[in-house]
Amino acid sequence: MNQKRLEPYTKRLLLSIILPLIFLSIGLFGYTIYRNYEHNVVTIQEKEKSVSDSIAQQINHIESRTMHHVHQNDFLYFSNSSDLHKASHYGIGFSANLFRDLTNHAMFRGILLYNYKIERYYLYKSDINPGAKNSSELGNQKLLQQLTPTTNGLQKRYEIVQLDDTSYLALIVTQRYGSLAILISPTQNEIFQSFANVEKDKFTATYSADDVSNISNHPIVTKVKDFPIYLVYQSPNLFDMVHFDLFQIMIFVLIIGLFVFSIVMFLHLQHLLISPLNYLSKSFGQISAGDYHYRITRKSDIYEIDQFYTGFNQMLDDIRDAENESHRQQMDAAQAKLQYLQLQIRPHFYLNCLKNINSLAELQDYKKIQTLVISLSDYFRYNFQDVKNFVTVREELEAVQSYVDLCRCLYNEIELEFDIESEVLNAKCLPLSILTFTENAIKHGAELKDLIIRVTTRLEVDTDGDVYVISEVANTGTIDEETLTLLNDPSENHPIYRKNGVGIANVRYRMWLIYGDHYQLQFENRDGFVISRLRFPIHIDSIQK
């Protein structure tokens, strides 16, 4: 099997956490900018519509008042007169009355009367004295052409006119010889002025008979009803349209904070757990190479791992003592402890648990994360306890439950069933005895879609009155007869120094060290299940006697 090193996996795990957070942060920030831009565009459009409605309303009111005066006799006499004296009399009177009526409108700028028959015009503005002037004095032939009537009947229209280098929207009314131009400046509208003062040079009004929405600088254009006026909001660049509020800034800071917190927490986890596991893996490599003088010199902030370091060094001291005393049994016992430690520390299994936690975090399955972390914590606590102590059957079964909970998050669904006599729960047993066979059952049944594991534990009294613990671990499936023969032959499992498959051999040998020939370990196929049956005495003192 092509095994992988732990250290590269930790780096990949770090990247798998950091990179999604970076992309998520960039994506959320970009989305925030986009939504902010859209909101500001809609706000400006609503303001432009408000300005447009106000301008159109005032223009319509100016038109209404103008047409009211046009239908009076003064404009009719002025338009149909070819006599300079009469035209001037009626023109001045008409203009004065109309000027007084419209002067309260902020957008009203002036009145221009023109009679092309007598070639005279009358200009009424706040800064110009009214009076008849020769049309040649106006100096604006284009404007005179715009004012010249085309028919004898009454007509009205809106055009853009230029007077004294200033553009106006003109309401032009013509009849026979006479023409009237009401000069209107939409930029003098009160709401327009208010909006323009806030936005400075970005908001303007443009006179055009054509669509102006294709101009540059990201325009937001609104046409004023049916008039040749466009309200244009021009931004020098796109980001001027983005304004962050306090809530958006808080969200961005929160994302950055979560990103930094994730990195810090992962590095902290690597320091507390991954690095010690990697260090232990390298330490086992030193021992496997035959360097029994090697000792762990590190200290861990985690109590269980620090105790493990101490136990590891003590185990090596025991091996050294065994070599010095040339005592084979003591040497074998120390080596069994080493294998026991190898069963406890499995970096790849723990790394898979951590990677699974990361996957569940991406799926936001916090309930399953909580179950996995609690089970992993219980499993660590049990595996890293003092290797010299016995445990109760209750503690061993709780470890089985924690391990199955872990595996449920890593493999397919596992159904775990217990059939336990209450009297056996406080009986003493070796650590990782029942758990080893549960792990073996899951390992070889992981590919099954529905894996069932049944753990049965009870007491048995033989003919001599000695009490034994009977523990059976059953899992769905079968094993071939050749494998059964090897498993049931102690001689095949006796070499405890081999590197692979130490689980069953280690349990069998530790049982032999404690109970001698008073224990039994058997494997069989029964009713579609593989059965691992372990039998050992409940009282050690009676065996020693």
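Basis of the calculations
- Residues numbered from 1 in each chain as written.
- Predicted model: local features only at pLDDT ≥ 70, side-chain atom pairs only at ≥ 80, totals over all residues.
- Heavy atoms only, no water.
- Helix = DSSP H or I, 4+ residues; strand = E, 2+ residues; numbered from the N terminus.
- Contact = heavy atoms within 4.5 Å.
- Areas by Shrake-Rupley, 256 points an atom, 1.4 Å probe, with all protein chains shown as cover.
- pLDDT = per-residue confidence, 0-100.
- Pairing = 2+ DSSP bridges.
- Axes fitted to C-alpha atoms, helices over the stretch in contact; angles between N-to-C directions.
- Buried < 20%, exposed > 50% of the residue type's maximum accessible area, 1.4 Å probe, protein only.
- Core = buried A, V, L, I, M, F, W, Y, C linked by side-chain atoms within 4.5 Å.

1. Quick word on the overall build of the chain
Within the chain one finds 16 helices and 16 strands. In the chain, 64% of the contacts between residues at least 6 apart in sequence involve partners at least 24 apart. With an accessible surface of roughly 29,100 Å², the chain has 51% of that area assigned to carbon and sulfur atoms.

2. Some remarks on the confidence of the model for the chain
Per-residue confidence for the chain gives a mean pLDDT of 78, with 79% of residues at or over 70. Contacts of residues 492-500 to residues separated by more than four positions or lying in other chains number 22 contacts, the stretch itself having pLDDT below 50. For the stretch residues 541-545, pLDDT sits under 50, and the model shows 3 contacts to residues farther than four places along the chain or on other chains.

3. Examining the sheet that holds strand β14 (residues 467-476)
The pairing of strands in a sheet comes from backbone hydrogen bonds and takes either a parallel or an antiparallel form. Taken together, 5 strands build an open sheet; the order of strands is β11-β13-β14-β16-β15 and the sheet is mixed. Pairing within the sheet leaves two strands with one partner each, and these edge strands are β11 (414-420) and β15 (520-526). Shown here is a sheet whose adjacent strand axes are inclined to one another by a mean of 15 degrees, direction ignored. Across the sheet, helix α12 (residues 434-445) lies against β11, β13 (451-461), β14, β15 and β16 (529-537), angled at about 155 degrees from β13, the strand it touches most.

4. Focus: the side chain of Thr174
You can see Thr174 is positioned in strand β5 (residues 166-175). In contact with Thr174, other than residues within four places in its own chain, are Leu147, Pro149, Gly153, Leu154, Gln155, Arg157 and Ser179.

5. Some thoughts on the sheet that holds strand β7 (residues 203-207)
On the basis of which strands lie adjacent, the open sheet formed by 3 strands has the order β7-β9-β8 and antiparallel pairing. The open sheet has two edge strands, β7 and β8 (220-223), and neither has a second partner. Recorded for the sheet is a direction-independent mean angle of 25 degrees between the axes of neighbouring strands. Examined bridge by bridge, β7 and strand β9 (residues 229-233) share 5 bridges and lie antiparallel to one another. The residue bridging Thr206 from the neighbouring strand is Tyr230, located in β9. Helix α5 (residues 190-199) rests against β7 and β9 of the sheet, and its axis sits at about 125 degrees to β7.

6. Side note on the pairing of β15
Here β15 runs beside β16; their pairing, made up of 7 bridges, is antiparallel. Residue Arg526 lies in a different strand from β16, and its bridge partner there is Phe529. Linkage of β15 to β16, two consecutive antiparallel strands, is achieved through a turn of 2 residues, within which Asp527 is found at a positive phi near 55 degrees.

7. Let's talk about unusual backbone geometry
Not every positive phi belongs to a glycine, and Asp164 is a case in point at roughly 55 degrees. Residue position: Asp164 is located in the loop between β4 (155-163) and β5. Accessibility expressed as a relative area gives 54% for Asp164, which makes it exposed. A positive phi angle, near 45 degrees, is found at Lys225, a position not held by glycine. One can find Lys225 in the loop between β8 and β9. A relative accessible area of 47% places Lys225 in the partly exposed class.

8. Some remarks on the nonpolar core
Grouped together as the largest cluster of nonpolar side chains are 50 residues, with contacts concentrated most on Leu435, Phe437, Ile442, Ile453, Val455, Met511 and Phe536. Ranked by the residues each element gives to this core, the list is headed by helix α11 (residues 393-410), at 9 residues. With residues near it in sequence (within four places) discarded, Met511 still touches Leu430, Ser433, Gly516, Tyr519, Leu534 and Phe536.

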